[in-house]
Amino acid sequence: MARKDSSEPDIVSTALARNRLGVPSVFFFGVAGAAPLTVVIGAITTIYAVVGNTAVPVVYLVVAAILSIFTVGFVAMSRHIVNSGAFYSYISHGLGRIPGVGAAFVALPAYALMQIGLFGLFGVVASGVLGGLGITAGWFTCAIVAWVLVSVLGLLWIDLSGKVLAVLLVLEIVIVLIYDAVMVANPATGSVDFSTLNPVQVFTPEVAAMMVLAIGGFVGFEATVVLSEEAKDPKKTIARATHLAVILAGLLCGLSAWAMSVGAGPRTIVAAANADSTDLIFNLVSPHVPEALINIGYVLFMTSIFAALLAFHAAVSRYQFALGREGVLPRAWGYTHPRTGAPIVGSITQSVLALVVLVIYRLTGADPLVYLFAWLTVVGGLGVLILMWSASAAVVMFFVRHRHQENRWRAKVAPITAFVLLSVILAATIYGLGDLLQVESGSIYHWLFPTGYLLFALFGFGWAMAMRAGRPEVYAAIGRGTEGRALVDAPRVKNSNSGSHPEALSARAMLAAGREMQQQQHQQPVPGQLQPGQSHQGPSHQGQPPQPGQYPGQSYPGQSYPGQSYPGQSYQGGSYPDQPYEQRPPYQDQPQPYPEQSPWEPQGPPAPSGPPPQAQWEGSPEPSRWETPPEPSRWK
């Protein structure tokens, strides 16, 4: 899509930029959220040090396999629902509108916390990198510089952010592969050891805690679906990019964890991780590579965090946009920039919220690495895990109601398997949350954050029920995005104009399309059928020619209705509908094909090609069931 000229007026839009992102750009957004270099340097070392088990490579591969199974059903649903609301939209379709709004109010704080927490890590790492160059800068100053850049890029073209991420991630992946090759080429024991890849280690007691930590390194890959409305051919692009993001992140993390065990030695990797912490990988490769390559690694570590900041900012702002567009949040959140297509209010809201949190941490003097990065990203990761678990159940229920749209593996087996596995991981995460936050056993933080998410979800449930009671037309559109289609499961109200017939709440587009379709049906006569306004009042004359003067003007008498009449239809040669089909003269105009039925009306077979039935009007037609009734139907 061509960008608008800067001289064009700034008329607020309500749609995201279309056809901006291909598979590579969406893929880079997904991988950037997972931040592979940050995981390799920080998370893998932490798991080795904290858990003290050498099964880390296998755990990452197992987690990648679990998330790949989850992705099967997740992207299968993306082929049927294109909405930047992602989890919120999917859960609304699968489990219902009330759980969908509850999921939205879980997603907003979860992604916001993930993004804000990364500012703490960026500030600390950037301060260290600049200190190595002889430049003194505190973590808060570095975090504010990153905040400014993310805030500006968040308001610009989404494909520009995608290009920035592409450059940063390609360099990041290349440096990780170089470091892995160096560590494998220089094993601590003199030979390459594969013992840390032994799958038997999966059955050790510590694996549950390790999986909880490892799954946090994948959070962000699911953000690809948030970009569905801006992707080219989203039904294919999103599926491919999401699968690639999970597979690449899993292989890269598993390979790097194994390479680190080879470089440090399987028996000494835990002690080395405790001693060197995040410098472990640099200390392992520094004797074998030039110092410049080590400095490049530190710089790319910093840019890896920045890429994740940008990806999570895009995700949370588009969640807010989707909720504003559908009326769950105030309508102002549903506006986009007229030239860039970026969500204006959503992006600004997230930027302001991040700035407020950063200022509070600066004023309180709290440790940005522990209480800003570690705490907020762990709590945010818990929220995303809750959304994944709920989405697995939503996929199952969605395909139960929409059978035969996907094969059994995508619609049933994979989603049910993912739901069971994610249930185990979610339970382990909630149970061990205090240990992940490293708080005392009696601390309120063991249950405070899970309870907080529960309260957010309950608030969403209540908000949805309030909308159902007070704004039913907004409630009916929850999770439906730009589709604007009528829904068979929409709530129904009694229509005073149609007696006891229920009427489905529908979008204005449905009404307009219905009226247009009715007009087409009225304007296109069907050869061989009794037409509106035609009534055969006398006895049947089937097989007999008409008598001269029987029908003056060769016009068939019309049927009158109170307050409205319909003109009769003229036939050539004085013929009339009761004449046998094979004896009729040519129709006055070329017959039109049978008009396509409205998708909102019950589908029936086309008109028979043989002789028409001898139908007779018995009274006024049943009134239309549209919200604003169009012209009454002429057919019984």
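Residues numbered from 1 in each chain as written. Predicted model: local features only at pLDDT ≥ 70, side-chain atom pairs only at ≥ 80, totals over all residues. Heavy atoms only, no water.

In this structure, what is going on with the overall build of the protein? I would like to understand it.
Broken down by element type, the protein carries 19 helices and 4 strands. A total of 636 residues make up the protein; the buried ones form 50% of that total. In the protein, of all internal contacts separated by at least 6 residues, the share reaching a separation of at least 24 is 79%. As displayed, the protein offers around 28,400 Å² of accessible surface, 62% of which is attributable to carbon and sulfur atoms. (Helix = DSSP H or I, 4+ residues; strand = E, 2+ residues; numbered from the N terminus. Buried < 20%, exposed > 50% of the residue type's maximum accessible area, 1.4 Å probe, protein only. Contact = heavy atoms within 4.5 Å. Areas by Shrake-Rupley, 256 points an atom, 1.4 Å probe, with all protein chains shown as cover.)

What am I meant to see in the packing of aromatic side chains here?
One pair of aromatic rings is described through two measures. These are the centre distance and the angle between the planes. By the definition in use, this model includes 19 aromatic pairs. Look at Phe74 and Phe87: their rings are 5.3 Å apart centre to centre, the planes differ by 35°, and that puts the pair in the tilted class. Of this pair, Phe74 sits in helix α3 (residues 56–78) while Phe87 sits in helix α4 (residues 87–94), and the two are 13 residues apart along the sequence. This pair shows no difference in class: Phe74 is buried, exactly as Phe87 is. Pairing Tyr445 with Phe449 gives two aromatic rings, centres 5.9 Å apart and planes at 20°, and the pair type is stacked. A relative accessible area of 29% means that Tyr445 is categorised as partly exposed. (Phe/Tyr/Trp six-rings, centres within 6.5 Å; stacked < 30°, edge-to-face > 60°.)

Is there a simple way to explain helix α6 (residues 139–153) in this structure?
Since one α-helical turn is 3.6 residues long, residues separated by three or four positions face the same way. Between its terminal C-alpha atoms α6 stretches 21 Å, which fits the 21 Å expected from 15 residues at 1.5 Å a residue. The complete set of buried residues in α6 reads Trp139, Cys142, Ala143, Ala146, Trp147, Val150, Ser151 and Leu153. (Expected span 1.5 Å × (residues − 1).)

Looking at this structure, I do not really get helix α15 (residues 408–431). What am I missing?
Here α15 spans 33 Å end to end across 24 residues, near enough to the 34 Å set by a 1.5 Å rise per residue. In the structure, α15 departs most strongly from a straight axis at Ala414, where the bend amounts to approximately 30° and where the proline Pro415 lies between one and four residues downstream. Residues Ala411, Ala414, Pro415, Ala418, Leu422, Ile425, Leu426 and Thr429 constitute the buried set of α15. Those residues of α15 that are buried lie in contact with α3, α8 (207–215), α14 (368–401) and α16 (433–437). Of the residues that open α15, the one with a side-chain oxygen 3.2 Å from the backbone nitrogen of Trp409 is Asn407. (Bend = angle between axes of the 7 residues up to and from the residue. Polar contact = N/O pair within 3.5 Å; in protein donor to acceptor, adjacent residues only side chain to side chain.)

Just checking my understanding: could you explain the nonpolar core for this structure?
Nonpolar side chains tend to gather and get buried jointly when the protein is soluble and globular. Ranked by internal contacts, the top residues of the largest apolar core, which has 141 residues, are Ile44, Tyr60, Phe70, Phe87 and Tyr111. Among the elements that make up this core, the one with the highest residue count is helix α5 (residues 97–132) (20 residues). In contact with Ile44, not counting residues within four places along its chain, are Val39, Val56, Tyr60, Cys253, Ser256, Ala257 and Met260. (Core = buried A, V, L, I, M, F, W, Y, C linked by side-chain atoms within 4.5 Å.)

Any chance you could explain the environment of Phe74 here in plain terms?
Relative accessible area serves as the criterion here: at 0%, Phe74 is assigned to the buried category. Between the alpha carbons of Phe74 and Val395 there is a distance of 6.9 Å; along the sequence they are 321 residues apart.

Would you mind going over the pattern of salt bridges with me for this structure?
Opposite charge on two side chains permits pairing when their charged atoms draw close. Enumeration over the complete set of coordinates arrives at 1 salt bridge. Among the ionic pairs, Arg410 bridges to Glu406, the shortest N-O distance being 3.1 Å. Under the relative-accessibility criterion, Arg410 is labelled partly exposed at 33%. On the basis of relative accessibility, which here comes to 15%, the residue Glu406 falls in the buried class. (Salt bridge = Lys/Arg side-chain N within 4 Å of Asp/Glu carboxyl O.)

Whenever I open this one, the packing of α5 against helix α13 (residues 344–364) confuses me. Can you help?
Two packed helices can be described by the angle between their axes and the distance between those axes. One way to put it is that α5 packs onto α13 with a least axis distance of 10 Å and a crossing angle of 50°. In terms of orientation, α5 and α13 fall into the oblique class. For the pair α5 and α13, the crossing hand works out as right-handed. Counted together, Ala112, Gln115, Ile116 and Phe119 of α5 and Gln350, Leu353, Ala354, Val357 and Leu358 of α13 form the full contact between these two elements. Of the residues that constitute the contact of α5 with α13, the class distribution is 7 nonpolar, 2 polar and no charged. (Axes fitted to C-alpha atoms, helices over the stretch in contact; angles between N-to-C directions. Parallel < 35°, antiparallel > 145°, perpendicular 65-115°, else oblique. Left-handed = near helix turned anticlockwise from the far one by under 90°. Nonpolar A, V, L, I, M, F, W, Y, C, P; charged D, E, K, R; others polar.)

How should the environment of Ile47 be read in this particular structure?
Note that Ile47 resides in helix α2 (residues 36–51). Assessed through its relative accessible area of 2%, Ile47 is described here as buried. Taking the C-alpha atoms as reference points, Ile47 and Met210, 163 residues apart in sequence, are found 6.6 Å from one another.

Quick question: what am I supposed to make of the confidence of the model for the protein here?
Note that predicted coordinates carrying low pLDDT should not be read in detail. Chain-level pLDDT for the protein is 74 on average; 66% of the residues reach the 70-or-more range. In the model, residues 1–19 has pLDDT below 50 throughout and makes 49 contacts with residues more than four positions away in sequence or in other chains. (pLDDT = per-residue confidence, 0-100.)

Even after reading the chapter, I still don't get unusual backbone geometry, so can you show me in this structure?
Of all residues except glycine, most have a negative phi; of all peptide bonds, most are trans. At Gln438, a residue that is not glycine, the phi angle is positive and equals roughly 60°. Along the polypeptide, Gln438 turns up in the loop between α16 and α17 (448–470). By relative accessible area, which is 64% here, Gln438 ends up exposed.

Where do I start with a nonpolar patch on the surface in this structure?
Taken together, the side chains of Leu61, Val192, Phe194, Leu197, Ile247 and Leu251 present a nonpolar region at the surface, about 510 Å² in accessible area. Within the secondary structure, Leu251 is located in helix α9 (residues 234–264). We classify Leu251 as exposed; its relative accessible area is 52%. (Patch = residues over 30% accessible without salt bridge, like charges linked within 9 Å, V, L, I, M, F, W, Y side chains within 5 Å.)

What should I look at first to understand the packing of α5 against α6 in this one?
Contact geometry of α5 with α6 gives a least axis separation of 7 Å together with a crossing angle of 120°. On the basis of the axis angle, α5 is oblique to α6. The hand of the α5/α6 crossing is right-handed. Touching Gln115, Phe119, Phe122, Gly123, Val124, Ala126, Ser127 and Leu130 of α5 are Trp139, Cys142, Ala143, Ala146, Trp147 and Val150, all from α6. Looking at the contact of α5 with α6 residue by residue, the classes come out as 11 nonpolar, 3 polar and no charged.

So what exactly am I meant to see when it comes to the side chain of Ser317 here?
Looking at where Ser317 falls in the secondary structure, it is placed in helix α12 (residues 291–325). Side-chain polar atoms of Ser317 contact the backbone oxygen of His313, separated by 3.0 Å. Excluding residues that lie within four positions of it along the chain, Ser317 makes contacts with Pro343, Gly346 and Ser347.

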